[in-house]
Protein chains: 2
Amino acid sequence: MIRVLIADDQAMIRSGLRLILEDEPDITVIAEAADGVEAIEQARRLRPDVCLVDIRMPRADGLEVTRALAGPAVPDPLRVVVVTTFDLDEYVYGALRGGATGFLLKDAGPALLVEAVRAAHHGDALVSPSVTVRLLRHLTAPPREPDESVRALSDREVEVVREIARGRTNLEIGAELFISLSTVKSHVSTIQTKLTLRNRTEIAVWAWANRVV
Amino acid sequence: MIRVLIADDQAMIRSGLRLILEDEPDITVIAEAADGVEAIEQARRLRPDVCLVDIRMPRADGLEVTRALAGPAVPDPLRVVVVTTFDLDEYVYGALRGGATGFLLKDAGPALLVEAVRAAHHGDALVSPSVTVRLLRHLTAPPREPDESVRALSDREVEVVREIARGRTNLEIGAELFISLSTVKSHVSTIQTKLTLRNRTEIAVWAWANRVV
DNA sequence: TCTGCATGGCGGCCAATCGTGCCGACGGCG
DNA sequence: CGCCGTCGGCACGATTGGCCGCCATGCAGA
């Protein structure tokens, strides 16, 4: 049986969530909290398997509650699923960085709510599809095309950039690529003019900022 | 009505998926494919709202199918939900980079399957909770604690590191922090000895690699 | 075919910057 | 009191960056 704590300042929402969850044979709601501080106290006392936490709450908002119950510094963290009406990016990242094991929008539908609770109980994380799609863009968009400027570089120059971005000196790069010191230097020079960078550190920074690494 | 194409080489799985989906009033399965090439052809011809694609298939695997139907180069991409038994990282990243609008493990349960199809139809993405939890680790793990070595640095030294990581020269750093060139240089030296790095580029690399930036 | 042009490799020269060592000074803290 | 961090100075050599050349290759267009 999965023991759930519900934290939301609106009684209507609380009973709605409770109705949905109590309908499932493997889930039981053991407590409700109407604000953040209460949520933290109840959770610490009862240690539910899963905490369903709204973002907007008095006294302590959902992000604070999440950090208090599941943050990186907490000795043995609880499973927290954050629920909200607003899918603002700050909320999402705040919640997930704060240790949340799930992020649900209130328009997600009962099935996802139930699945999110079950997943959280397993230690897995269910994130609302509309939020996930944005997270994925951040995660996979990096295949951004060469940024226009990488195209300006020849293959060999890109190799040199990569070496610089690993902290190699010109001499080491020469040894690595089997070319002489002077060749390396001329490559570095052309790289600098092509990218309008002033020194090798800027090249390294550029490489890291543009995922060339 | 959401029109779905099912692609899986095992007939048993196909009919299982079909049974689950046909149970929903808003979903209909319009075609099945037993291998990757067939899946691509059918999808291009019928243009279903959502394609449910297994990873392991003959002739063309699920990743190739995904890229062919939803890849970045495809003019108007279809919605593809990748289904697999194995949650290998290569599969996950391959699928999501390939343009998948969902990633499901076969042990996910019917509810998630249905929700994944609905989400995909909306243009959203549902990812299996057990996979999501790993993705989030990659996304939010960066809160790795100071790596032991940052602690070794004084506040002032960290400032200098940050400036170096932006490509600034010592003189510029001095102007930025209102200290003299020689002070900057002594800071840089101590930073190098503390972190056992050999030059400023390595400091910049270290900063980026350790999210100090 | 000859002629550009880009790429890659090599060298020298010189000035600026960087890296290092070694020095002294001050203030806060155990 | 000594230690440590912060700040500053000076000198030296190493490294880098800018600016010249030179040569070979390969590819596209006149």
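As the structure is a computational prediction, the values presented were derived from the model and not from experiment.

**Q** Is there a simple way to explain the overall build of chain A in this structure?
**A** The helix and strand tally for chain A stands at 11 helices and six strands. Compactness check: chain A gives a C-alpha radius of gyration of 25 Å against a globular reference of 17 Å for 213 residues, more than 25% above the reference. Principal-axis analysis of the C-alpha atoms gives chain A an extent of 75 × 30 × 30 Å. Looking at chain A as a whole, 51% of its 213 residues are labelled buried. Partitioning the contacts of chain A with sequence separation of at least 6, the portion at a separation of at least 24 is 61%.

**Q** When you look at the nonpolar core in this model, what are you seeing that I'm missing?
**A** Note that soluble globular proteins tend to have their nonpolar side chains buried in a common cluster. Grouped together as the largest cluster of nonpolar side chains are 42 residues, with contacts concentrated most on A:Leu21, A:Leu104 and B:Leu21. Among the nonpolar cores identified, the runner-up in size contains 34 residues, and A:Ala7, A:Ala39, A:Ala43 and A:Phe103 belong to it.

**Q** Can you help me understand the protein's contact with DNA strand C in this one?
**A** Surrounding DNA strand C, one finds 18 residues, the nearest of these being A:Ser154, A:Arg156, A:Ser180, B:Gln192 and B:Arg200. A share of 71% of the atoms of DNA strand C within 4 Å of the protein falls on sugar and phosphate groups. Between A:Arg156 and DNA strand C, the recorded distance is 2.9 Å, taken from a side-chain N or O atom to a phosphate oxygen. At 2.6 Å from a phosphate oxygen of DNA strand C is found a main-chain nitrogen or oxygen belonging to B:Arg200. At the level of elements, α8 (155–164) and α10 (181–195) of chain A together with α10 (181–195) of chain B are the ones that each hand at least two residues to the surface near DNA strand C. Partitioning the surface near DNA strand C into residue classes produces two nonpolar, 10 polar and six charged.

**Q** What is the right way to read the sheet that holds strand β3 (residues 50–54) of chain A from this model?
**A** In sheet architecture, strand pairing relies on hydrogen bonds along the backbone and comes in two forms, parallel and antiparallel. Residue and element names in this part refer to chain A. An order of β2-β1-β3-β4-β5-β6 is seen for the six strands of this open sheet, with the pairing classed as parallel. On the outer flanks of this sheet lie β2 (27–33) and β6 (126–127), each paired with one strand and no other. Inspection of the sheet shows strand β4 (residues 79–84) paired to strand β5 (residues 102–105) by three bridges, in the parallel sense. By the bridge assignment, Val-82 is partnered in β5 with Phe-103.

**Q** What's the story with the pattern of salt bridges in this structure? I'm lost.
**A** Pairs may arise between side chains of opposite charge once their charged atoms sit close together. Residue and element names in this part refer to chain A. In the structure shown here, the tally under the stated rule is 34 salt bridges over all chains. Across the salt bridge formed by Arg-14 and Glu-32, the nearest N and O atoms sit 2.9 Å from each other. On the criterion of sequence distance, the pair formed by Arg-14 in helix α1 (residues 11–22) and Glu-32 in strand β2 is long-range, its members being 18 residues apart. A salt bridge links Arg-198 to Glu-202, with the nearest nitrogen and oxygen atoms 3.0 Å apart. When its relative accessible area of 12% is taken as the criterion, Glu-202 is described as buried. The network of salt bridges with common partners includes Arg-14, Arg-18, Glu-22 and Glu-32.

**Q** Just checking my understanding: could you explain the sheet that holds strand β2 (residues 27–33) of chain B for this structure?
**A** Residues and elements named next belong to chain B. Taken in spatial order, the six strands line up as β2-β1-β3-β4-β5-β6 in an open sheet, and their pairing is parallel. Every interior strand has two partners, whereas the edge strands, β2 and β6 (126–127), have only one. Of the strand pairs in this sheet, strand β3 (residues 50–54) and strand β4 (residues 79–84) are connected by five bridges, and their pairing is parallel. Residue Asp-54 lies in a different strand from β4, and its bridge partner there is Val-83. In the packing of helix α1 (residues 11–22) onto the sheet, contacts are made with β1 (2–7), β2 and β3, and the angle to β2 comes to roughly 165 degrees. Strands in contact with helix α2 (residues 36–46) are β1, β2 and β3; relative to β2, the strand with the most contacts, it is inclined by about 135 degrees.

**Q** Just checking my understanding: could you explain the protein's contact with DNA strand D for this structure?
**A** If you check the shell around DNA strand D, you find 18 residues, and the closest are A:Lys185, A:Gln192, A:Arg200, B:Ser154 and B:Thr183. Contact between DNA strand D and A:Lys185: a base oxygen at 2.7 Å from a side-chain N or O atom of the residue. Between a phosphate oxygen of DNA strand D and a side-chain N or O atom of B:Arg156, the distance comes to 3.1 Å. Those elements giving two or more residues to the surface near DNA strand D turn out to be α10 of chain A together with α8 (155–164) and α10 of chain B. Residue composition of the surface near DNA strand D, by class: two nonpolar, 10 polar and six charged.

**Q** How should I be thinking about the interface of chain A and chain B in this particular structure?
**A** How big an interface is tends to be stated in terms of the accessible area lost upon association of its parts. On the side of chain B, 36 residues touch chain A, which itself brings 37 residues to the contact. With both sides pooled, the region where chain A packs onto chain B buries about 3000 Å², and carbon together with sulfur makes up 71% of that total. The tally of links between chain A and chain B comes to two salt bridges. Its salt-bridge partner being A:Glu172, residue B:Arg198 comes within 2.5 Å of it at the nearest N-O pair. Our count for the contact surface shared by chain A and chain B stands at six residue pairs in polar contact (both at pLDDT 80 or more). Broken down by secondary-structure element, the contributors of at least two residues to the side of chain A that touches chain B are α4 (89–97), α5 (110–122), β6, α6 (129–140) and α11 (200–209) of chain A. Counting residues per element, the side of chain A that touches chain B draws most heavily on α6(A), which supplies eight residues. Counted by class, the side of chain A that touches chain B contains 21 nonpolar, eight polar and eight charged residues.

Cut-off values and rules
- For every chain, the first residue of its written sequence is number 1, and the numbers climb from 1 along that sequence.
- Key to labels: chains lettered from A, ligands numbered from 1, both in the order written.
- Predicted model: local features are reported for residues with pLDDT of at least 70 only, side-chain atom pairs are reported and counted for 80 or more only, and whole-chain, interface and lining totals are derived from all residues.
- Side-chain calculation: all heavy atoms of the structure are included, whereas hydrogens and water are not.
- Only runs of H or I of at least four residues qualify as helices and only runs of E of at least two qualify as strands under DSSP, and these elements are numbered from the N terminus.
- The quantity called the radius of gyration is restricted to C-alpha atoms. Its globule counterpart is 2.2 Å times the number of residues to the power 0.38.
- Think of it in three bands: residues with accessible area under 20% of the maximum for their type are buried, residues over 50% are exposed, and the middle band is partly exposed, with areas taken using a 1.4 Å probe on protein chains only.
- Whether two residues are in contact is decided by their heavy atoms, any of which lying within 4.5 Å being enough.
- In this description, a nonpolar core means a group of buried Ala, Val, Leu, Ile, Met, Phe, Trp, Tyr and Cys residues linked to one another through side-chain atoms lying within 4.5 Å.
- Residue proximity to a molecule or strand is established when one non-hydrogen atom of the residue lies within 4 Å of it.
- Counting of polar contacts relies on pairs of N or O atoms within 3.5 Å, with two restrictions inside protein: one atom must be capable of donating a hydrogen and the other of accepting it, and residues adjacent in sequence are counted only when both atoms are side-chain atoms.
- The classification used treats Ala, Val, Leu, Ile, Met, Phe, Trp, Tyr, Cys and Pro as nonpolar, Asp, Glu, Lys and Arg as charged, and all other residues, Gly among them, as polar.
- Two strands form a pair only when DSSP identifies at least two bridges running between them.
- Salt bridges are identified by distance alone: a Lys or Arg side-chain nitrogen within 4 Å of an Asp or Glu carboxyl oxygen.
- A fitted line through C-alpha atoms serves as each axis, taken over the contacting stretch for helices, and the angle formed by two N-to-C directions is quoted from 0 to 180°.
- Accessible-area loss on putting two parts together, using a 1.4 Å probe and summing over both, is the definition of buried area adopted here.

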